[in-house]
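Secondary and tertiary structure notes
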Amino acid sequence: MPRRASDPIVIPDELWERPQMTQALTSRDIGTVFHLLRQYAGATQTQIAIACGLTQGRVSEHMKPGGRRVTELDVFERIADGLRMPDTARMALGLAPRTHPGVPVPRTPEPQARTGIVLTGPSTRAASSDPMDISRLTRWLTASDTADETIESLARSTTSLASAHTQVPAKSLLSQVIRLHRRTQDLLESSRPRPRHTRELLRIDADLLAHAAVIFGDVNLDHHAEQYATAALMLAREAGTNEAFAWYAQAKTARWQDRLIEAADFARQGYEASPHTPMKTQLAWYEANAAALLGDQTRARQAVKRAEQSAETIHDNPTDRSVWSFPTERRALFALAVATRTGDPDGALQAAEMADTAWAAGAPVAPAIWAQIRVGTGVAHLLKGDLEGTAEQLAQLLTLDPGMRLTTVTRYVADLDRRLSHPRYRDTSLAVQLRQQIRDFNAAALTDDPDLESS
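What this report covers is the structure whose coordinates are included nearby.

Cut-offs and rules
- Residues numbered from 1 in each chain as written.
- Predicted model: local features only at pLDDT ≥ 70, side-chain atom pairs only at ≥ 80, totals over all residues.
- Heavy atoms only, no water.
- Salt bridge = Lys/Arg side-chain N within 4 Å of Asp/Glu carboxyl O.
- Helix = DSSP H or I, 4+ residues; strand = E, 2+ residues; numbered from the N terminus.
- Buried < 20%, exposed > 50% of the residue type's maximum accessible area, 1.4 Å probe, protein only.
- Expected span 1.5 Å × (residues − 1).
- Axes fitted to C-alpha atoms, helices over the stretch in contact; angles between N-to-C directions.
- Parallel < 35°, antiparallel > 145°, perpendicular 65-115°, else oblique.
- Left-handed = near helix turned anticlockwise from the far one by under 90°.
- Contact = heavy atoms within 4.5 Å.
- Arc of directions from axis to C-beta.
- Core = buried A, V, L, I, M, F, W, Y, C linked by side-chain atoms within 4.5 Å.
- Phe/Tyr/Trp six-rings, centres within 6.5 Å; stacked < 30°, edge-to-face > 60°.
- Lys NZ or Arg CZ within 6 Å of the ring centre and 35° of its normal.
- Polar contact = N/O pair within 3.5 Å; in protein donor to acceptor, adjacent residues only side chain to side chain.
- Nonpolar A, V, L, I, M, F, W, Y, C, P; charged D, E, K, R; others polar.

Looking at the pattern of salt bridges
- Tallied over the full model, the rule gives 21 salt bridges.
- Across the pair Arg268 and Glu287 runs a salt bridge whose closest N-O atoms are separated by 4.0 Å. Remark: Glu287 occurs in helix H14 (residues 278–294) and Arg268 occurs in helix H13 (residues 260–273); sequence separation between them is 19 residues.
- Judged by its relative accessible area of 29%, Arg268 falls in the partly exposed class.
- A relative accessible area of 1% means that Glu287 is categorised as buried.
- With a shortest N-O distance of 3.1 Å, Asp356 and Arg374 are connected by a salt bridge. Here Asp356 is found in helix H17 (residues 345–360), whereas its partner Arg374 is found in helix H18 (residues 367–383), with 18 residues between them in sequence.
- For Asp356, a relative accessible area of 31% puts it in the partly exposed group.
- In this structure, a network of salt bridges that share partners links the residues Asp265, Arg268, Glu272, Glu287, Arg299 and Arg306.

Things to note about helix H9 (residues 170–190)
- Given a rise of 1.5 Å per residue, 21 residues ought to cover 30 Å, and the 30 Å separating the end C-alpha atoms of H9 matches this to within 8%.
- Restricting attention to buried positions, one finds in H9 the residues Ala170, Lys171, Leu173, Leu174, Ser175, Val177, Ile178, Leu180, His181, Thr184, Leu187 and Leu188.

Some remarks on the packing of helix H19 (residues 387–397) against helix H21 (residues 429–443)
- Two numbers describe how H19 lies on H21: the axes approach to 11 Å, and their chain directions differ by 25°. Put simply, H19 runs roughly parallel to H21. Here H19 and H21 pass one another in a crossing that is left-handed. On the side of H19, the interface is formed by Leu387, Glu388, Thr390, Ala391, Leu394 and Leu397, while H21 contributes Leu430, Ala431, Leu434, Gln437, Ile438 and Phe441.

What about helix H8 (residues 148–163)?
- Its 16 residues place the ends of H8 23 Å apart at the C-alpha level, agreeing with the 22 Å of an ideal helix rising 1.5 Å per residue.
- Along H8, the residues classified as buried are Ile151, Leu154, Ala155, Thr158, Leu161 and Ala162. In a view along the axis of H8, the buried residues occupy a sector of 125°, so they form one face of it. Along H8, the residues that are exposed and aim more than 90 degrees away from the buried face are Glu149 and Arg156.
- On the buried face of H8, the contacting elements are H9 and helix H10 (195–218).

What to know about the nonpolar core
- Counting 108 residues, the largest nonpolar core has Trp285, Trp324, Ile373, Leu387 and Leu420 as the members making the most contacts within it.
- When neighbours within four sequence positions are excluded, Trp324 is seen to be in contact with Ala162, Asp207, Ala210, His211, Val214, Phe245, Tyr248, Met279 and Gln282.
- With 30 residues, the next largest nonpolar core counts Val33, Leu37, Ala41 and Ala80 among its residues.

Things to note about the packing of aromatic side chains
- Tallying each qualifying case throughout the model produces 8 aromatic pairs.
- Both rings, one in Tyr248 and one in Tyr286, keep their centres 5.6 Å apart while their planes meet at 90°; by these two values the pair is edge-to-face. Of this pair, Tyr248 sits in helix H12 (residues 244–256) while Tyr286 sits in helix H14, placing them 38 residues apart in sequence. The two residues Tyr248 and Tyr286 agree in class, both being buried.
- Following the ring pairs from residue to residue traces out a cluster consisting of Phe245, Tyr248, Tyr286, Trp324, Phe326 and Phe334.
- The ring of Phe76 is capped by Arg28, whose NZ or CZ atom sits 4.1 Å from the centre of that ring.
- Between the NZ or CZ atom of Arg255 and the centre of the ring of Trp256, over which it lies, the distance is 4.0 Å.

Quick word on the side chain of Asp207
- Along the chain, Asp207 falls in helix H10.
- Residue classification places Asp207 among the buried residues on the basis of a relative accessible area of 13%.
- Polar contacts involving the side chain of Asp207 include one to the side chain of Arg203, which spans 3.0 Å.
- Not counting chain neighbours up to four residues away, the residues in contact with Asp207 comprise Thr158, Phe245 and Trp324.

A look at the packing of helix H2 (residues 30–41) against helix H4 (residues 56–63)
- It is at 7 Å that the axes of H2 and H4 come closest, and there the two elements cross at 105°. Between H2 and H4, the angle is such that the two are roughly perpendicular. Together, Gly31, Phe34, His35 and Arg38 of H2 and Val59, His62 and Met63 of H4 make up the contact between the two elements.
- Looking at the contact of H2 with H4 residue by residue, the classes come out as 3 nonpolar, 3 polar and 1 charged.

Comments concerning the environment of Ala290
- Mapping Ala290 onto the fold places it in helix H14.
- When the C-alpha atoms of Ala290 and Ala263 are compared, they prove to be 6.2 Å apart, with 27 residues separating the residues in sequence.
- Sequence-distant contacts of Ala290, defined by excluding residues within four places in its chain, comprise Leu260, Ala263 and Ala264.

Interpretation note: all reported values are geometric properties and have no functional meaning in isolation.
Right, dumping it as structure tokens:
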């Protein structure tokens, strides 16, 4: 009787043990898998399509020389289930076995998409008492070409880059963060990390992408910042790790794009998701800042209250300075910003004094934060009608190295320029002079293009 297209594929057990098949599965070359099914099982493209839940046209595309590759997680699972692959074949393909319903299923990396880890569904076969099943599972759990030392080295470098954030020019640091991200991604793509290594690599890469997003915002590349922050959140969730850094990056990006409601909402979500760390306090202040800019005084006051309550239970290590830390002078910066935007110049000057006191006591000076404090203090003096006080702060600011004149600084300065353009200062020679100094200051900021070759 002639074979019908709807007939099931009869696959010899030994086909899954052939070296060609093992190699194809290991490299996730589904086109070659389909060719071997046609050669040794007599399967037609239509039969393969029906079994795997694909169209015949798509099967044909996979089987063409240099044809379309499978990259989707659900498609790999669908093909494995449709062809009733034995566990040895599933594991060669990078999927978890199906025959151990009593064993918690670990997560494994998806080597093409790189933004997640494979989660297997419920088992479809009864557990076997064959010791070989346990042996295969053990081999799958422990097989890896990524050493613990490699993971630890990446983690140390990630922490070092975060610590260098306030001292190293943004563009130089950006290229290093992107380079380390690429190394981490390569390990996820081209190696076979153990499940715990996969989770740690995802955590490391989430931190790197969040850090890169912050720097992209610093050099006025908000579109890049938004993309990297979104990817950071995806990876953090897949790794089951702290999401606060990614939420902070999203809030910061939205803030500088003037998407103030989103900035406040992102900061609030990050606050709710954050463990009791200094970042939790910072996110509350970020919500307050965005709300104040929006003109929502009630929300700003509520967020300030949350920030103060959080700060009472969280104590930042004064020696731990990084892109994620929240030392006294940074808390002062947020308090200063909220005060100036809510019409409280005296409160702003008190906040500035808090920062200056911390630096006088020996706290490390982060140039960008110092510059923003100087601008904010100048704005506070202007709100009090003290143009000379504003000029004094701006004179100090002009000494800032151009490589440290981040977008977060130049936008603060631009706000001061806008305030100086008020009609009350139009005929004031000092105001005219200050506005020219501001234009010169911003024109010299980050004059060379960011190093995006590896981004």
